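# Coordinate analysis (summary)
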Amino acid sequence: MSAIDIAPDSPVFSDVRGKVVILTGGATGIGAATVRLLNEHGAIVSFLDVNRAVGEELAAELGDNVHFFHGSVTTWEDQLKVFEWTVERYGRVDIVLANAGIDEVVEDAFADNFDESGKLQAPTLIVLDVTLRGVIFTVKLALSYFRRLKIRGSIVATGSAASYLDTPGIPVYNGAKHGVIGLVRSLRDSLKEEGLIRANVVAPSFTATSFTKNLIHFWKREGLPINEPVEVARAILFLAVNPDYHGKSLYVAAGTYTELEGSILATQEQWLGKQNTAWVNLRKAKNLKMGKPEDNV
Ligand SMILES: NC(=O)c1ccc[n+]([C@@H]2O[C@H](COP(=O)([O-])OP(=O)(O)OC[C@H]3O[C@@H](n4cnc5c(N)ncnc54)[C@H](O)[C@@H]3O)[C@@H](O)[C@H]2O)c1
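Residues numbered from 1 in each chain as written. Predicted model: local features only at pLDDT ≥ 70, side-chain atom pairs only at ≥ 80, totals over all residues. Heavy atoms only, no water.

### Description of the site of the ligand
Neighbouring the ligand are 29 residues; T28, D49, N99, Y173 and T209 lie closest to it. Contact distances for the ligand include 2.8 Å between an oxygen atom and a backbone N or O atom of I30. The fraction of the free accessible surface of the ligand (820 Å²) that becomes covered by protein chains is 93%. Placement of the ligand is best described as lying within the largest pocket. Among the secondary structure elements, those contributing two or more residues to the shell around the ligand are helix 1 (29–40) and helix 5 (171–194). For the shell around the ligand, the per-class residue count stands at 11 nonpolar, 16 polar and 2 charged. (Near = heavy atom within 4 Å. Polar contact = N/O pair within 3.5 Å; in protein donor to acceptor, adjacent residues only side chain to side chain. Areas by Shrake-Rupley, 256 points an atom, 1.4 Å probe, with all protein chains shown as cover. 1 Å grid on protein atoms, 1.4 Å probe; cavity = no way out; pocket = protein on both sides within 12 Å on 5 of 7 lines; lining within 4 Å. Sits in = over half its atoms within 2 Å of the grid points. Helix = DSSP H or I, 4+ residues; strand = E, 2+ residues; numbered from the N terminus. Nonpolar A, V, L, I, M, F, W, Y, C, P; charged D, E, K, R; others polar.)

Right, here's the structure in full:
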C-alpha cells in the first residue's frame, strides 16, 4: 500500500497553467470540481456533457478559458467535435480526462422485463455504454490526437473503488469500472514503449455528488468515508501533470490517496502464485502480445 500526500495547495497543480484540457462529464460533481480547479490554476478547458443548462452556466461563470459542448460520450461525433474544435482553436491538446459515468439506478439489467408477447427483454446496457464505451471513445481520440500532434500527452480516466472491489447492487457499473482499469493496464506497457503518452486512473470511493445524494445519509450514519468532489479533482490534476505516474491508480477515500497498481504488481507472487508469476513474467520478457499474431516476433 502506498499512501500519497496531495495537499490542497500542492505546487504540482501550477503545472496545468496554459495546458489545453478536454474533459467529459464536467457539468456537475467530480467533473465540475475538476473544471473549476483547472480553471483556477490557469488551464484551458473544453468539456462535454449531456446536461446543457448546468454545463452552459458553469462555462459562463468561469469565463473565456472554459468551453462547454453539449453532447453525449456515447456518440462518437459529439466527442470528435470537442477534439476538432479545441485543436483548431488552440493548436493542441495536452490532457484528456475521461470522467463521464452514470449510476446503475437508470437500469436494473437483471430485472425480468417482458415484452408484450411475454419474451424476456434484452437490457439496454446504457450504464456500460456511457461508463466504458464512452471512455474507450475518449481514450481513442486522445491517443490519436497526441500521436498526430506529437504531444507528450496525459490521460486520466475516472475509474472507481468499483474498479477493484465488489459493489453489491451495481454489477454492470462494476463491470464497466473494472473495464476502465483493464483498459489502462493493457495500454500501460505499449504506451511506455512508445514513450509519448501517460495514462492513469483515479479510483474514488464514495463521493458526495448527485450520484450518491440518495445514499449519503446511510454512509454518514455508519461513519463511512466520504470524499468531497474537489478532493477527487486534486488526484486527477496530480495524475495529469506528474511525470512519474504512468499506469497507476489513485484510490481516494475521505480525501486520502493510495496508489494501488504498484502494490498489486509488487505482490503478484502472493495472489497469483510463484509459478504463474514466472510464466507471466516470461511472456512479458519475450514481449508476446495477445491479438494480432504479426505483432509477435
Ligand atoms: N460519486 C461517487 O461516489 C463516485 C465514486 C467513484 C467513481 N465515480 C465516478 O465519477 C465520475 C463522475 O461522477 P460524479 O460522482 O461526479 O457524478 P455526477 O452525476 O455529478 O457527474 C457525472 C457527469 O457526467 C455527465 N454525463 C452523464 N452521462 C453523460 C453522457 N452520456 N455524456 C456526457 N456526459 C454525461 C452528467 O451530466 C454529469 O455532469 C463518474 O465516472 C462516476 O462513475 C463517482
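### Considering the side chain of D49
Residue position: D49 is located in strand 3 (residues 44–49). Despite its burial, D49 remains without a salt bridge, the nearest opposite charge being carried by R52 at 10 Å. A distance of 3.0 Å separates a polar atom in the side chain of D49 from the backbone nitrogen of G26. (Buried < 20%, exposed > 50% of the residue type's maximum accessible area, 1.4 Å probe, protein only. Lys, Arg positive; Asp, Glu negative; His and termini not counted. Salt bridge = Lys/Arg side-chain N within 4 Å of Asp/Glu carboxyl O.)

### A few points about the environment of G134
For G134, the location among the structural elements is in helix 4 (residues 126–149). Considered as a pair, G134 and D166 are 32 residues apart in the sequence and their alpha carbons are 22 Å apart. With near-sequence residues (within four places) excluded, G134 lies in contact with V73, Q79 and D129. (Contact = heavy atoms within 4.5 Å.)

### Describing the domain arrangement of the chain
It is common to give the size of an interface as the accessible area that goes away when the parts come together. We note that the domain assignment places domain 1 (2–266) and domain 2 (267–297) within the chain. Tallying the contact residues gives 6 residues for domain 1 and 5 residues for domain 2. For the pair domain 1 and domain 2, the two sides together bury roughly 450 Å², of which 34% comes from carbon and sulfur. The largest share of the area that domain 1 buries against domain 2 comes from E193, I264 and L265, three residues that together contribute 60% of it. Applying the counting criterion to the domain 1 and domain 2 interface returns 1 salt bridge. (Domains from an automatic or database assignment. Buried area = accessible area lost by both parts, 1.4 Å probe.)

### A few points about the layout of surface pockets
Of the voids in this model, the largest pocket is the one considered here, and its volume is about 1,400 Å³. Around the largest pocket, the lining comprises 49 residues; the ones closest to its centre are D103, Y173, T209, F211 and T212. Listed by contribution, the elements that provide at least two residues to the lining of the largest pocket are helix 1, strand 3, helix 5 and strand 8 (249–253). Take the lining of the largest pocket: its biggest share by element is 3 residues, from helix 1. As for the second largest pocket, its lining consists of 21 residues, of which R185, S186, D189, R283 and K284 are closest to the centre. Among the secondary structure elements, those contributing two or more residues to the lining of the second largest pocket are helix 5, helix 8 (261–266), helix 9 (268–272) and helix 10 (274–285). (Points joined across faces, edges and corners; volume = space filled by probe spheres on them.)

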